[in-house]
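Residue-level listing of the chains:
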Amino acid sequence: MDTRRQDLLTVVVACFNEADSLPRLHPRIRGVLDGLEAEGVSGRVLYVDDGSRDDTWGRLQKIAAGDPGVGLLRLSRNFGKEIALTAGLDRVTEGAAMILDADGQDPPELIPEFVARWREGFDDVYGTRIAREGDSWLRRGTAAVFYRVIGRLSRTPVPADTGDFRLLSPRALDALRQLRERHRFMKGLFGWVGFRRIAIPYKRRPRMAGRSKFSLWRLWNFALEGITSFSTAPLRLATYLGLLTALVAFFAGIVVVLKTLVWGDSVAGWPTMMVVILFLGGVQLIALGTIGEYLGRLYEEAKQRPLYLVDDWREPAGVCSGTQL
Ligand code: UDP
Ligand code: MG
């Protein structure tokens, strides 16, 4: 072995029903990792099967049979991308980790750029989309609004147009592993960890095969997750809304009393009363719902269930001379 610095990199790929993309994606990753070998980086790949219902697991086993540098982790059911990534990152106990989507939207060919930044001393090298090919205008528009809102509400920095395509240094990984919350908004968790961060602009490609697993409804829930996990501003908003309503009601009350005293028309005004009652009822329900969102999450955390269950685990062979996972 030469005396140059030898680094270990594990590419973590969460897969859910990606049977058609994986056989095409793996050779691309392998090619890139082989190229990095010359620069003193030993690469391996860890695929996490997030309870796929198609032939993903079969294809993965085939890939692993032909490549000793491939590790496989199968979860007991579909836990969602955030948990699948957590499960994968939990198993990268040595070296850095690179997170990649299974559908080829994040081009593996950019990995060397990420590695170069890491070797310059950055801990969190993240890809920022300068273009989103293949995404509808609705998807792009809602994403833009979401990043603006979360940027305002959250004190933890969540860079705009940044997904999970990123490289994490060993110490960033260590830090991330300590965050065991159930509702995992990864973009926020990465930001919470901090350390030295840098963006790499890239063009997000269309999917190689299959369809996006994130419907608009799922994205909406994901956005709620992000906001409630990283900000208590909505709770405060409820308080301000209450204050404002009380203030308006106070002045409205004065007007009503004066009117009654001057004109004596105390009975008329049924529509006004209904409007006020309905309005107040609405505001109260919104505030209650907001509290409920937080309470529900607190309940989930209190149960202390494990984040995920593992069905099968195949460790990648020790690609790096002498080092094991
Ligand atoms: N994914 C996952 N579990 C899920 C949903 C998605 O592991 O429950 C994976 C999926 O296989 C892909 C990545 O997360 O590798 C991104 O998913 P997708 O391409 O559907 O999302 P989009 O790119 O449209 O945001
Ligand atoms: Mg995708």
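Residues numbered from 1 in each chain as written. Chains lettered and ligands numbered in written order. Predicted model: local features only at pLDDT ≥ 70, side-chain atom pairs only at ≥ 80, totals over all residues. Heavy atoms only, no water.

A few points about the site of ligand 1
Inclusion rule: Nearness of a residue to a molecule or strand requires only that one of the residue's heavy atoms be within 4 Å of it. Any residue outside Ala, Val, Leu, Ile, Met, Phe, Trp, Tyr, Cys, Pro, Asp, Glu, Lys and Arg is labelled polar, Gly included; the first ten of those are nonpolar and the last four are charged.
If you check the shell around ligand 1, you find 19 residues, and the closest are Asp103, Gln105, Arg204, Ser212 and Lys213. Tallied by class, the residues present in the shell around ligand 1 amount to 5 nonpolar, 4 polar and 10 charged.

Observations regarding the coordination of the magnesium ion (ligand 2)
Note the cut-off: Metal sites are built from N, O and S donor atoms within 2.8 Å, or 3.2 Å for Na, K and Ca, and they leave out water, so they may look incomplete. With a 1.4 Å probe rolled over the protein chains alone, any residue whose accessible area is under 20% of its type maximum counts as buried; one over 50% counts as exposed, and the rest are partly exposed.
Protein-derived coordination of the magnesium ion (ligand 2) comes from Asp103 (OD) and Gln105 (OE1), at a distance range of 1.9 Å. Exposure class is identical for Asp103 and Gln105. Each is buried.

What about the packing of helix 6 (residues 170-177) against helix 7 (residues 186-193)?
Stated formally: Note on definitions: angles span 0 to 180 degrees between N-to-C directions of axes, and those axes are lines fitted to C-alpha atoms, for helices only across the stretch in contact. Here a strand is any run of E in DSSP of at least two residues, a helix any run of H or I of at least four, and the numbering for each starts at the N terminus. Here a crossing is taken to be left-handed if its near helix is turned anticlockwise relative to the far helix by less than a right angle, and right-handed if that turn runs clockwise. We call two residues contacting when some pair of their heavy atoms lies within 4.5 Å.
Look at helix 6 against helix 7: their axes get within 10 Å of each other, and the N-to-C directions meet at 115°. Crossing of helix 6 over helix 7 shows right-handed handedness. Residue-level contacts link Ala172, Ala175 and Leu176 of helix 6 to Met186, Leu189, Phe190 and Val193 of helix 7. Grouping the constituent residues of the contact of helix 6 with helix 7 by class yields 7 nonpolar, no polar and no charged.

Some words on the pattern of salt bridges
Pairs can form between side chains of opposite charge once their charged atoms are near each other. Rules: Put simply, a salt bridge is a Lys or Arg side-chain nitrogen that is within 4 Å of an Asp or Glu carboxyl oxygen.
The final tally for this structure, using the stated rule, is 22 salt bridges. Salt-bridge contacts for Glu120 lead to Arg117; the nearest nitrogen and oxygen are separated by 2.9 Å. Here Glu301 makes a salt bridge to Arg182, at a shortest N to O gap of 3.7 Å. On the criterion of sequence distance, the pair formed by Glu301 in helix 10 (residues 270-303) and Arg182 in the loop between helix 6 and helix 7 is long-range, its members being 119 residues apart. Given a relative accessible area of 18%, Arg182 falls into the buried group.

Here's the deal with the sheet that holds strand 7 (residues 197-204)
What counts is decided by this rule: Strands were regarded as paired on the criterion that DSSP finds at least two bridges between them.
The 8 strands are arranged 7-5-6-4-1-2-3-8 in an open sheet whose pairing can be described as mixed. Sheet topology places strand 7 and strand 8 (310-314) at the edges, where each strand pairs with a single neighbour. Strand-to-strand, the axes of this sheet are offset by a mean angle of 25°, without reference to chain direction. Sheet topology places strand 5 (residues 124-132) next to strand 6 (residues 162-168); 4 bridges connect them, and they run antiparallel. Note on strand 6: the bridge partner recorded for Asp124 is Leu168. Across the face of the sheet, helix 3 (residues 81-90) comes into contact with strand 1 (7-15), strand 2 (41-49), strand 3 (70-75), strand 4 (96-101) and strand 6 while running at roughly 150° to strand 1.

With respect to the confidence of the model for the chain
What counts here: The score called pLDDT rates the predictor's confidence residue by residue, from a low of 0 to a high of 100.
A residue-level look at the chain finds 94% of positions with pLDDT of 70 or above and a mean pLDDT of 85. Confidence over residues 319-325 falls short of pLDDT 50; this stretch has 20 contacts with residues more than four positions distant or in other chains. Scored as a whole, the predicted complex attains pTM 0.76, and scored at its interfaces, ipTM 0.92.

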